[in-house]
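One-letter residues, chain by chain:
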Amino acid sequence: MTDFRTAAQPFAAAFFDDIRRESRDGPGVSRQGYGPHEEYVHEKARTLARELGMEIDTDPAGNLWLTRPGRDRTLPAFVSGSHGDSVPQGGNYDGLAGVCAALTVAWMLEKENVQLERDYRVLIFRMEESSWFGRAYVGSLALTGSLLPRELELRHRTDGRTLAETVAACGFDPQVMAGGRPLRDLSKIAAFVELHIEQGPRLDASPDRRTAVVTGIRGNLRHKICRVVGETAHSGAVDREFRHDAVMALAELLNTMDRHWKAWLDRGEDLVFTAGVVNTLPTAAIAIIPGEVSFGLDMRSLSMETIRAFHALMVEEAERIGAERGVRFEWDDVLVCEASGVDPAVRAALESAAGRHGIPVQTMPSGAGHDAAVLSNAGVPVGMIFVANQNGSHNAREAMDIGDFMAGCELLWHTVCDFDLR
Ligand SMILES: [Zn+2]
């Protein structure tokens, strides 16, 4: 058989270039979910599907399903894909890499005239990014029957239209999308594999293992706005023993939790902890002891038990610090997104394909959420492949080497081809 990477790279590179050209926005790209540039990705995929003789199906949420029939059409399909949208002025590869990989495999199957045992389906999700309406995974949530009717009333951050109006204007049915029922029979999916750029620095730091098989997708627990309430006072006139400094109390809490975090990692827990929002009052000034500070928190792990235990420890430490410093920590409701597993059999299929075909891989958890996690939480057996990328993600400088992409894509290719040979 032809060398996959050499044969397929021109196809993949041309696809990336074409979409980048069409959705270029300043230094990056912008492809809003249910907007014209996301639609272009779907249109391009439909054109390719016609050329490759694939069946074309669009579900009521606008997710696109392209099928290469297998020998036994009663078998559940092998499905691969990702999302075609992007954040505003984002990079070209977040989402599109998985779309391109799934299409590249379809292209190669046709070129090599391979008939698989089961259907191979490319699945392109609508609106994965939350940047426009504040709701992530709209396409996959709708597909699995988990999109809530009230989420359709969310408004666009600039044009003010609701998500329902936006979806309807694009030709899809918002009512059916939030009808509480899966839009397609999910039991007809034997495996869903999503290739995605890593969005973190680990793979890019490795000289030779630049592809990963994902071990699980981290869940998260968040506080949007909590407060520390102390006492505002004159910064020159009040000695330390009389102070109730809210910023000092928060700093002590964060520093304490940072040390706990390190210890938890050392004993083998999976955990990340971030205080991404910290604000004093608008009336704060350098000559005033801050009497109040608000903050937001995000903690993630593959294990919800770890998250909950770390959260409980934080509340305990805050009690202690509050008592010592004479300040009060006020917590808002926690927002929880459950961790989701990858399917052990799908993960094994990926790892054994990597071993058989000499593709060096790492294993790692996914810190970011993905459509694959939504499908997994709906009972679909999922797996994920990560590809090294540079300069992070969700920004215009996001980058990916086409050689790294082809390595990940080759892993998908072999996994698809070998799926029924195990
Ligand atoms: Zn993505």
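On a predicted model such as this, the values are computed, not experimentally measured, just so you know.

Visitor: I'm lost on the overall build of the protein chain in this one. Help?
Guide: Within the protein chain one finds 11 helices and 18 strands. Against the compact-globule benchmark of 22 Å for 422 residues, the protein chain has a radius of gyration of 24 Å, which places it among compact chains. C-alpha atoms of the protein chain, sized along the principal axes, occupy 80 × 45 × 40 Å. Counting the 422 residues in the protein chain, one finds 44% classified as buried.

Visitor: What exactly am I supposed to notice about the domain arrangement of the protein chain here?
Guide: What the domain assignment lists for the protein chain is domain 1 (4–217 + 340–418) and domain 2 (219–337). The centre of domain 1, based on its C-alpha atoms, is set 37 Å off from the matching centre of domain 2. Across the side of domain 1 that touches domain 2, the residue classes tally to 1 nonpolar, 3 polar and no charged.

Visitor: Explanation requested: the nonpolar core in the structure shown.
Guide: Among soluble globular proteins, nonpolar side chains are generally buried collectively. Counting 91 residues, the largest nonpolar core has Ala-97, Phe-192, Ile-385, Val-387, Cys-409 and Leu-412 as its most contacted members. In terms of residue count, the dominant contributor to this core is helix H3 (residues 96–111) (10 residues). Leaving out residues up to four positions away in the same chain, Phe-192 has contacts with Val-79, Ala-372, Leu-375, Val-380 and Val-382. Counting residues in hydrophobic clusters, the runner-up holds 16 residues, among them Val-228, Leu-250, Phe-295 and Ile-307.

Visitor: Please clarify how helix H7 (residues 246–266) should be interpreted in this entry.
Guide: Think of an α-helix as 3.6 residues a turn; residues three or four steps apart then line up on the same face. Taking 1.5 Å per residue, 21 residues should reach 30 Å; H7 reaches 30 Å between its end C-alpha atoms and fits that length. For H7, every residue scored as buried is listed here: Ala-246, Ala-249, Leu-250, Leu-253 and Met-257. For H7, the angular spread of the buried residues around the axis is 95 degrees, confining them to a single face. Exposed side of H7, more than 90 degrees from the buried face: Asn-255, Asp-258, Arg-259, Lys-262, Ala-263 and Asp-266 are the residues found there. Against strand S9 (219–229), strand S11 (272–280), strand S13 (292–301) and helix H8 (304–325) lie the buried residues of H7. Just downstream of H7 lies Gly-268, where phi reads positive at about 100 degrees.

Visitor: Can you walk me through helix H11 (residues 402–418) in this structure?
Guide: Compared with an ideal rise of 1.5 Å per residue, which puts 17 residues at 24 Å, H11 spans 24 Å between its outermost C-alpha atoms and is within 8% of the ideal. With respect to burial, H11 is a largely interior element, 14 of its 17 residues being buried.

Visitor: When you look at the packing of H3 against H11 in this model, what are you seeing that I'm missing?
Guide: Think of two packed helices as two axes; the pair is described by the angle between the axes and how far apart they sit. Close contact between H3 and H11 brings their axes to 9 Å; oriented N to C, the two are set at 55 degrees. On the basis of their axis angle, the class for H3 and H11 is oblique. In the packing of H3 onto H11, the handedness of the crossing is right-handed. Taken together, the residues of H11 that come into contact with H3 (itself represented by Ala-97, Ala-101, Thr-104, Val-105 and Met-108) are Phe-405, Gly-408, Cys-409, Leu-412, Trp-413 and Val-416.

Visitor: Sorry if this is basic, but what is going on with the pairing of strand S6 (residues 120–125) here?
Guide: Across a regular strand the side chains alternate sides, sitting on one face of the sheet and then on the other. S6 sits mainly inside the fold: 6 of its 6 residues count as buried. Every second residue of S6 is oriented toward a common face, with Tyr-120, Val-122 and Ile-124 on one face and Arg-121, Leu-123 and Phe-125 on the other, all of them buried. Alignment of strand S4 (residues 64–68) against S6, held across 5 bridges, turns out to be antiparallel. Note that in S6 the partner of Trp-65 across the bridge is Leu-123. As paired elements, strand S5 (residues 77–83) and S6 share 6 bridges and run parallel to each other. Bridge pairing in S6 places His-83 opposite Phe-125. For the crossover from S5 across H3 to S6, the handedness is right-handed.

Scoring rules and cut-offs
- Residues numbered from 1 in each chain as written.
- Predicted model: local features only at pLDDT ≥ 70, side-chain atom pairs only at ≥ 80, totals over all residues.
- Helix = DSSP H or I, 4+ residues; strand = E, 2+ residues; numbered from the N terminus.
- Rg over C-alpha atoms; globule rule 2.2 N^0.38 Å.
- Buried ≥ 20, exposed ≤ 12 C-beta atoms within 10 Å, placed from the backbone.
- Domains from an automatic or database assignment.
- Nonpolar A, V, L, I, M, F, W, Y, C, P; charged D, E, K, R; others polar.
- Core = buried A, V, L, I, M, F, W, Y, C linked by C-beta atoms within 7 Å.
- Contact = placed C-beta atoms within 7 Å.
- Expected span 1.5 Å × (residues − 1).
- Arc of directions from axis to C-beta.
- Axes fitted to C-alpha atoms, helices over the stretch in contact; angles between N-to-C directions.
- Parallel < 35°, antiparallel > 145°, perpendicular 65-115°, else oblique.
- Left-handed = near helix turned anticlockwise from the far one by under 90°.
- Pairing = 2+ DSSP bridges.
- Right-handed = clockwise from strand over helix to strand, strands pointing away.

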